[in-house]
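In case you want the letters, here they are:
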Amino acid sequence: MFSCRSLLLLLLSVCSLTAPSLTLPFEQRGFWDFAMDGEVGDLANVMMRDEEGSAIEELPPDVSICPFGCHCQLNVVQCSDLSLTAVPRDIPRDTKLLDLQNNRITELKENDFKGLTNLYALSLVNNKISKVHPQAFTPLRNLKKLYFSRNLLTVVPKNLPPSLVELRIHENRIKKVAQGTFSGLGSMNCIEMGGNPIQNSGFEPGAFKGLKLNYLRISEAKLTGIPKDLPDSLHELHLDNNQIQAIELEDLSRYKHLYRLGLGFNHIRMIENGSLSYVANLRELHLENNRLTRVPRGLPNMKYLQVVYLHSNNISRVDINDFCPQGFSVKRSFYNGISLFGNPVNYWEVQPATFRCVNDRLAIQFGNYKK
């Protein structure tokens, strides 16, 4: 169980939406593993100080008493791990962070969050919520972060607050995202919805219309191809652990701003020639644990590409021009990570000049191949 101090740090986490690192290899982030934003940074510093006295003594006289069993302090109401079956009443109106994770809540009712106009972050992770009233979130005019993962939702809740910036709704039972689901959410820039049993057909045309997302993750789902009509503003797209079998020519044509593309742990056998030319700004490409038999075409022409994960495929040959252009004027960034281990290729058969545009020899990872 988290300490109170650790939990406060976790609640103040935010999806990192700046341009990805141009030097470090990609590491899949955990649920709370995001940098703290500036808006609540000062508040976090205050919360981390050791305070003496009871929580009630810290609250102004005109603020409601803390709900029974919860801990209230410095605009934070912590009601996790209490076996609650409903949202508690009498939550102080000045609450900015409300933690309701690890309970047994089954439904969000119309007036559950009435009066909480200052709420900034709401965690409902790991409950049993299957029903949300259409007006449940109406009072939350300033909500930025909604953590709704590990519940029993079958659809994305309606009428999400227009102020919302980050939505984490992975590990539910969502099979369909209807047209207009995210309409009016122009401030949203991060959606995590992996771990849902959704297929390509589950995304209706216009499902993401109006969004200006930077980050989208639909991993651990049932996708057989790269979804159509995702936001063209994306910087990061993670589709790992699906059933994608190929990347066809036009699949990536919308996503010219991508810096990171995660396609590991799929069934990809073929990447059509020219398909990677649409993502010319790509820094990191993840194709590990697929069924590729050769290095994808077009890598030498990707001026900014620095990290390529190709381990655990069926690649048996690496040619001298698979990674680097013949003229150094084309490549603007040196590679700092190429993984080829777990492939049936003999490293001693690969010519050293193959990696002439790699920053350091330690950036190249070969390994023993085992059938």
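For the structure itself, look to the data block above.
In this report, the structure presented in the accompanying data block is examined. These figures come from a predicted structure and were not determined experimentally.

1. Some remarks on the overall build of the protein chain
Next up, step 1: Counting secondary structure elements, the protein chain contains 3 helices and 18 strands.
Next up, step 2: The 371 residues of the protein chain split such that 52% are buried.
Next up, step 3: Taking the intrachain contacts of the protein chain between residues at least 6 apart in sequence as the baseline, contacts between residues at least 24 apart amount to 50%.
Next up, step 4: Accessible surface, the protein chain: about 17,900 Å² in total, of which carbon and sulfur atoms supply 47%.

2. Some remarks on unusual backbone geometry
Next up, step 1: Although it is not a glycine, Ser-83 adopts a positive phi angle of roughly 60°.
Next up, step 2: Within the secondary structure layout, Ser-83 lies in the loop between β2 (76-78) and β3 (97-99).
Next up, step 3: Ser-83 gets classed as partly exposed once you look at its relative accessible area, which sits at 43%.
Next up, step 4: Notably, Glu-171 is not glycine yet its phi reads approximately 60°, a positive angle.
Next up, step 5: Tracing the backbone through its elements, the reader meets Glu-171 in the loop between β8 (166-168) and β9 (190-192).
Next up, step 6: A residue is classified by how much of its surface remains accessible, and Glu-171, at 40% relative accessible area, is partly exposed.

3. Digging into the side chain of Asn-151
Next up, step 1: One can find Asn-151 in the loop between β7 (145-147) and β8.
Next up, step 2: In this structure, Asn-151 is in contact with Leu-124, Val-125, Asn-126, Asn-127, Lys-128, Ile-129, Glu-171 and Asn-172, ignoring residues within four places of it in sequence.

4. Considerations on the packing of aromatic side chains
Next up, step 1: Summed over all chains, the structure comprises 9 aromatic pairs.
Next up, step 2: For the pair Phe-323 and Phe-355, a centre-to-centre distance of 5.8 Å together with 35° between the ring planes defines the contact as tilted. Linking Phe-323 in the loop between β16 (307-309) and β17 (337-339) with Phe-355 in the loop between β17 and β18 (364-365), this pair joins segments that are 32 residues apart in sequence.
Next up, step 3: The exposure class of Phe-355 is buried, given its relative accessible area of 11%.
Next up, step 4: Centroid distance Tyr-347 to Trp-348: 5.1 Å. Interplanar angle 80°. Geometry classified as edge-to-face.

5. Some details on the environment of Ala-280
Next up, step 1: Residue placement: Ala-280 occurs in the loop between β14 (270-271) and β15 (284-286).
Next up, step 2: Ala-280 gets classed as partly exposed once you look at its relative accessible area, which sits at 40%.
Next up, step 3: A C-alpha to C-alpha distance of 10.0 Å links Ala-280 and Gly-298, two positions 18 residues apart in sequence.
Next up, step 4: For Ala-280, the residues in contact, after removing those within four places along its chain, are Lys-303 and Tyr-304.

6. Considerations on the state of the cysteines
Next up, step 1: For the structure shown, the criterion picks out 3 disulfides.
Next up, step 2: Paired through a disulfide, Cys-70 and Cys-79 show a sulfur-sulfur distance of 2.1 Å. Here Cys-70 and Cys-79 share a disulfide; its torsion about the S-S bond, 115°, makes the bridge right-handed.
Next up, step 3: The residue that forms a disulfide with Cys-324 is Cys-357, at a sulfur-sulfur distance of 2.0 Å. Because the sign of the S-S torsion sets the handedness, a value of about -90° for the bond joining Cys-324 and Cys-357 places this disulfide among the left-handed ones. Of this pair, Cys-324 sits in the loop between β16 and β17 while Cys-357 sits in the loop between β17 and β18, and the two are 33 residues apart along the sequence.
Next up, step 4: What makes Cys-324 buried here is its relative accessible area of 1%.
Next up, step 5: Within the protein chain, bonded cysteines paired by disulfides and numbered along the sequence follow the pattern 1-3, 2-4, 5-6.

7. Some remarks on the nonpolar core
Next up, step 1: Formed by 88 residues in total, the largest nonpolar core has its most connected members in Leu-108, Leu-122 and Phe-323.
Next up, step 2: Apart from the residues lying within four places of it in its own chain, the contact partners of Leu-122 are Leu-98, Leu-100, Phe-113, Phe-137, Leu-140, Leu-143, Lys-145, Leu-146 and Tyr-147.

8. Observations concerning the pattern of salt bridges
Next up, step 1: Counted according to the given criterion, the structure contains 10 salt bridges.
Next up, step 2: One salt bridge connects Glu-204 with Lys-176, and the closest N-O pair in it is separated by 3.0 Å. Of this pair, Glu-204 sits in the loop between β9 and β10 (215-217) while Lys-176 sits in the loop between β8 and β9, placing them 28 residues apart in sequence.
Next up, step 3: Classification of Glu-204 as partly exposed rests on a relative accessible area of 27%.
Next up, step 4: Notably, a salt bridge pairs Arg-217 with Glu-220, separated by 3.1 Å at the nearest N-O pair.
Next up, step 5: One salt-bridge network, in which partners are shared between bridges, spans Lys-145, Glu-166 and Arg-168.

Definitions and cut-offs
Once a new chain begins, its residue numbering starts again from 1 and follows that chain's sequence as written. Side-chain atom pairs in this predicted model are given and counted only at pLDDT of 80 or more, local residue features only at pLDDT of at least 70, and totals for whole chains, interfaces and linings cover all residues. Side-chain measures here rest on the full set of heavy atoms in the structure, leaving out hydrogens and waters. Only DSSP runs of H or I with at least four residues qualify as helices, and only runs of E with at least two residues qualify as strands; both kinds are numbered from the N terminus onward. Partly exposed residues are those whose accessible area sits between 20% and 50% of the maximum for their type, while under 20% is buried and over 50% is exposed, using a 1.4 Å probe and protein chains only. Contacts: residue pairs with any heavy atoms within 4.5 Å of one another. All accessibility values rest on the Shrake-Rupley procedure with a 1.4 Å probe; residue burial counts only the protein chains present in the view. Whether two aromatic rings pair depends on their centres lying within 6.5 Å, for rings of Phe, Tyr and Trp, where Trp uses its six-membered ring; planes under 30 degrees apart make the pair stacked, over 60 edge-to-face, and the rest tilted. Any cysteine sulfur atom paired with another within 2.5 Å is treated as part of a disulfide. Residues belong to one nonpolar core when they are buried, are Ala, Val, Leu, Ile, Met, Phe, Trp, Tyr or Cys, and are joined through side-chain atoms within 4.5 Å. Salt bridge, as used here: a side-chain nitrogen of Lys or Arg that lies within 4 Å of a carboxyl oxygen of Asp or Glu.

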